[in-house]
Amino acid sequence: MPTRRYRKVPWLPLVAGGATLILALSAAWLVIERLFFLHSDHELVRRLTVLHGVVSGAALLAWGALFVLRDRRRQEANLEAIVAERTRQLAAQERRFEDVVESACEAVVLGDGQARITYFNRTAERMFGWSRDDVLGRHASLLMAEAHRGRADRIVTHYAETGEVLDGATPVDLEGVRKDGTTFPIQVTRSVFTRDGAPEFMGVIRDMTAHRQLATRMREMDRMIAVGTLAAGVGHEINNPLAYIVANLDFVDGEFDTVAAVLAARGPADPLVPRIAQARQALADLGQGVDRVRAVVRDLRTLSQADGERREPIRVERALEAALHMASVEIRHRARLVQELGATPPVVADESRLGQVFLNLLVNAAHAIPEGRADANEIRVRTFVDGGRVAVEVTDSGAGIAPEHRARIFDPFFTTKPVGQGTGLGLAISRGIVHGLGGEIQLDSQVGRGTTFRVLLPAATGGAAVEAAPAPAPPAPVRRGARILVVDDDALVCAALRRILGADHDVDVCLCARQALSRLANGAFYDVVLCDVMMPVMSGKDFHAEVAHAFPALARRMVFVTGGAFTPEARGFLDAIPNRRLDKPFDPDTVRAAVEATLAQHAAS
Ligand SMILES: Nc1ncnc2c1ncn2[C@@H]1O[C@H](COP(=O)(O)OP(=O)(O)OP(=O)(O)O)[C@@H](O)[C@H]1O
Ligand SMILES: [Mg+2]
């Protein structure tokens, strides 16, 4: 009931109005007196005068009362309008507050002095799986995991004792529990207000599941980046010795050819013949071991991502091969692996990123099949051309994808795998990579029968050729007696290159680029320079810059020998120059071919 408070009676208009009324009545009386009672006797006039006074007084009183009453009524009407407007505003404000709280992204839960829930917004319903009617009046510990059940009571007691909210200003990380009993990470901020004299506690709760997964993924990625950088560095270190192991194996094999020819002349009875044959077999086994080390190093580099994004025409089969190696541990105990790799044109992509896509598809396929029945299950990998696009298909005979999950599997963080086994980012990342290459991922799945993921990528236009290890045997006339300078800080790599090329050419070696520069400055002439990229005192890039400045024709005849350019600077340098490139470990034929091609190309310069 609103309190009635009136304005004071407006005296001025009342007095002015009253005076006007009296003047009007007196004037009217005078006129009546002059007209009708001018000659009347004294008594009649007196009576009339008294009557006049009485009438005037009554009129004045009536007017005053009427004035005051009308003014009060108007004030009352105004007051009621103000009260109605305020009430409407309050209701609108309350509705807006409720809308804001209801549509908040955080769960908002109110509790009374006994920690019983008095309010539960829509987000809270979604987050905890309880409906509002289920929880109103129940103890707030219902929403907390076992370990945190006592907190709600502690907050209430703490407030009763100190008048303050326990950890009020700081968000606290806790473990919540849903209606179905599953727990999830939450962050709670608490505050208190009083309503009708009683405290009411408010908890604003944020679901931290995605945040925690992201943090885990970020930690994993950090680790992967560190591991990738390490792998690339290790790859570089392994490639150097591997280069001279391969080269020397080839040299020894060549020497055995000579020995075998000599022995053949002596006849098969010579006791050295079987021993040489055994030694050659041992050498062949060694070669196989080296090939395996070479493949491991290549896989590491492909999937370590240490190479960053480098798009070039590549064959999908190469990326697939690396992914198959990595996934073989997951596949082995679950399914037979069938490969149908057809001939496909190149696609423009970053090989390591594409490898990441295939690895995820292969691991997903493996995880869809339970362990232990490898003979009864199959993972089939196919590559083929589909309407001008290169298709890579991974089919499994696993559990299939439930129809209600199909629309969500590409969503970040969607996973049906147990905690710790999947973060649900694999397909999201894979789709991002494939879309970035102008391709798409298609899906066929039948519950209980299996799933096929098909990656379709545009073929490189204009039939762009895959960049192979430089120039395997170009049709160039073999030229002998050229002067070749080898610049590499690894003496054994220099020795291996000298052994490969020394039979046909004059080979000088320098273990330091500075030394090579001073040799050039002193007038030494070379037809071809084979130069390492990553060297301690002066890098291949700096050496190339100096040579380009002082001997521009020779700069074009430099061939860069790299064990893996794992710094962005070295990578950028190799991408920017047109010079030939030899990847360590190199085989002797490739080295000879690169030198021949360089000699032929620059014969005139
Ligand atoms: N071949 C498949 N068969 C059945 N279900 C699959 C298959 N591939 C993907 N899925 C479903 O899609 C979900 C999302 O896959 P995605 O690769 O994005 O994440 P994940 O494998 O769960 O985790 P992550 O790849 O991050 O380790 C999987 O949890 C699974 O439910
Ligand atoms: Mg996955």
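Structure's up top.
Residues numbered from 1 in each chain as written. Chains lettered and ligands numbered in written order. Predicted model: local features only at pLDDT ≥ 70, side-chain atom pairs only at ≥ 80, totals over all residues. Heavy atoms only, no water.

J.: What's the story with the coordination of the magnesium ion (ligand 2) in this structure? I'm lost.
T.: In a perfect tetrahedron of four donors around a metal, the angles come out at 109.5 degrees. In a perfect octahedron of six, they are 90 or 180 degrees. Surrounding the magnesium ion (ligand 2) are the protein donor atoms Asn360 (OD1) and Asn364 (OD1), at 2.2 to 2.4 Å. With asparagine 360 and asparagine 364 both in helix α9 (residues 351–367) and 4 residues apart, this pair spans about one turn of that helix. The exposure class assigned to asparagine 360 is buried, which follows from its relative accessible area of 17%. (Donors = N, O, S within 2.8 Å, 3.2 Å for Na, K, Ca; no water. Helix = DSSP H or I, 4+ residues; strand = E, 2+ residues; numbered from the N terminus. Buried < 20%, exposed > 50% of the residue type's maximum accessible area, 1.4 Å probe, protein only.)

J.: Looking at this structure, I do not really get helix α16 (residues 568–576). What am I missing?
T.: Because an α-helix completes one turn every 3.6 residues, residues spaced three or four positions apart along the sequence face the same direction. Restricting attention to buried positions, one finds in α16 the residues Ala570, Arg571, Phe573 and Leu574. All buried residues of α16 fall inside an arc of 160° around its axis, so they share one side. Among the exposed residues of α16, those pointing more than 90 degrees away from its buried face are Pro568, Glu569 and Ala576. In this structure, the buried residues of α16 make contact with α14 (540–550), β16 (558–562) and β17 (581–583). (Arc of directions from axis to C-beta. Contact = heavy atoms within 4.5 Å.)

J.: Got a minute to help me understand the sheet that holds strand β4 (residues 183–195) in this structure?
T.: Sheet strands pair via backbone hydrogen bonds, and the direction of the pair is either parallel or antiparallel. The strand order across the open sheet formed by 5 strands is β2-β1-β5-β4-β3, and the pairing between neighbours is antiparallel. The strands lining the two open edges of the sheet, one partner per strand, are β2 (117–120) and β3 (172–177). Strand-to-strand twist of the sheet, defined as the mean angle between neighbouring strand axes without regard to direction, takes the value 35°. Pairing of strand β1 (residues 107–111) with β2 involves 3 bridges; the strand directions are antiparallel. Its bridge partner lying in β2, valine 109 is registered against phenylalanine 120. (Pairing = 2+ DSSP bridges. Axes fitted to C-alpha atoms, helices over the stretch in contact; angles between N-to-C directions.)

J.: I would appreciate a short explanation of the site of ligand 1 in the present structure.
T.: Thr415, Thr416, Lys417, Thr423 and Leu427 are the nearest of the 22 residues found near ligand 1. The separation between an oxygen atom of ligand 1 and a polar side-chain atom of asparagine 364 is 2.8 Å. Between ligand 1 and the protein, one listed contact pairs an oxygen atom with a backbone N or O atom of leucine 427 at 2.8 Å. Alone, ligand 1 offers 600 Å² of accessible surface; in the complex the protein occludes 91% of this. Mapped onto the shell around ligand 1, the elements with two or more residues apiece are α9, α11 (426–436) and β12 (450–458). If one sorts the elements of the shell around ligand 1 by residue count, α9 sits on top with 3 residues. Looking at the shell around ligand 1 residue by residue, the classes come out as 8 nonpolar, 11 polar and 3 charged. (Near = heavy atom within 4 Å. Polar contact = N/O pair within 3.5 Å; in protein donor to acceptor, adjacent residues only side chain to side chain. Areas by Shrake-Rupley, 256 points an atom, 1.4 Å probe, with all protein chains shown as cover. Nonpolar A, V, L, I, M, F, W, Y, C, P; charged D, E, K, R; others polar.)

J.: Would you mind showing me how to read the side chain of threonine 123 here?
T.: Its place among the elements puts threonine 123 in helix α3 (residues 122–128). Given a relative accessible area of 7%, threonine 123 falls into the buried group. Sequence-distant contacts of threonine 123, that is, excluding residues within four places in its chain, are made with Glu102, Ala104, Cys105, Glu106 and Ala107.

J.: Would you mind going over the state of the cysteines with me for this structure?
T.: Working definition: the covalent bond between the sulfur atoms of two cysteines is a disulfide. Enumeration over the complete set of coordinates arrives at 0 disulfides. Just so you know, cysteine 494 is unpaired, no disulfide at all, and the nearest cysteine sulfur is the one on cysteine 510, 8.3 Å from it. You can see cysteine 531 has no disulfide; the closest cysteine sulfur is in cysteine 494, sitting 10 Å from it. The buried category is assigned to cysteine 531, whose relative accessible area is 0%. (Disulfide = S-S within 2.5 Å.)

J.: Looking at this structure, I do not really get the pairing of β1. What am I missing?
T.: One face of the sheet, then the other: side chains in a regular strand alternate in exactly this way. Burial analysis of β1 places 5 of its 5 residues in the buried class, the great majority of the element. Residue alternation in β1 divides its side chains into two sets, Ala107, Val109 and Gly111 and Val108 and Leu110, and both sets are buried. As paired elements, β1 and strand β5 (residues 198–207) share 5 bridges and run antiparallel to each other. Considered in β5, the bridge of valine 109 is made with glycine 203. Counting the residues between successive antiparallel strands, the hairpin from β1 to β2 contains 5 residues, one of them, alanine 115, with a positive phi of roughly 60°.

J.: What exactly am I supposed to notice about unusual backbone geometry here?
T.: Cis geometry is found at the peptide bond from lysine 584 to proline 585, where omega equals -5°. At alanine 115, a position not held by glycine, the phi torsion is positive, near 60°. The exposure class assigned to alanine 115 is buried, which follows from its relative accessible area of 5%. Notably, aspartate 196 is not glycine yet its phi reads approximately 50°, a positive angle.

J.: What am I meant to see in the nonpolar core here?
T.: Considering soluble globular proteins, one finds that nonpolar side chains tend to be buried as a cluster. Among the nonpolar cores identified, the biggest contains 37 residues, and Leu354, Phe358, Leu362, Ile379 and Val455 are the most heavily contacted of them. If you tally residues by element for this core, the top one is α9, at 8 residues. Among residues more than four places away in sequence, those in contact with leucine 354 are Ile314, Val316, Ala319, Val347, Ala349, Leu437 and Leu457. Listed in part, the 24 residues of the second largest apolar core include Ala516, Leu517, Phe543 and Ala555. (Core = buried A, V, L, I, M, F, W, Y, C linked by side-chain atoms within 4.5 Å.)

J.: Whenever I open this one, the pairing of β12 confuses me. Can you help?
T.: Extensive coverage of β12 is indicated by the burial of 8 of its 9 residues. Pairing analysis gives 8 bridges linking strand β10 (residues 389–396) to β12, with the strands arranged antiparallel. Across the sheet, residue alanine 391 finds its bridge partner in β12, namely leucine 456. Judged from the 7 bridges that link them, strand β11 (residues 440–446) and β12 form a sheet pairing that is antiparallel. Residue serine 445 lies in a different strand from β12, and its bridge partner there is threonine 451.

J.: I would appreciate a short explanation of a nonpolar patch on the surface in the present structure.
T.: A grouping of Val31, Ile32, Leu35 and Phe36 is seen on the molecular surface, where their side chains present a nonpolar patch of about 420 Å² in accessible area. A residue is classified by how much of its surface remains accessible, and valine 31, at 48% relative accessible area, is partly exposed. (Patch = residues over 30% accessible without salt bridge, like charges linked within 9 Å, V, L, I, M, F, W, Y side chains within 5 Å. Salt bridge = Lys/Arg side-chain N within 4 Å of Asp/Glu carboxyl O.)

J.: Any chance you could explain the packing of α9 against α11 here in plain terms?
T.: To describe two helices that pack against each other, one gives the angle between their axes and the distance between the axes. Here α9 crosses α11 at 145°, and the two axes come no closer than 9 Å. Considering only the axes of α9 and α11, their crossing is left-handed. Where α9 approaches α11, its residues Arg353, Gln356, Val357, Asn360, Leu361 and Asn364 are matched on the opposing element by Gly426, Leu427, Ile429, Ser430, Ile433 and Val434. Of the residues that constitute the contact of α9 with α11, the class distribution is 6 nonpolar, 5 polar and 1 charged. (Left-handed = near helix turned anticlockwise from the far one by under 90°.)

J.: What is the right way to read helix α17 (residues 588–601) from this model?
T.: For α17, with 14 residues, the first-to-last C-alpha span of 20 Å sits near the 20 Å given by 1.5 Å per residue. Among the 14 residues that make up α17, 10 are buried, leaving the element largely enclosed by the rest of the structure. Among the residues of α17, Pro588, Thr590, Val591, Ala593, Ala594, Val595, Glu596, Ala597, Thr598 and Leu599 are the ones counted as buried. (Expected span 1.5 Å × (residues − 1).)

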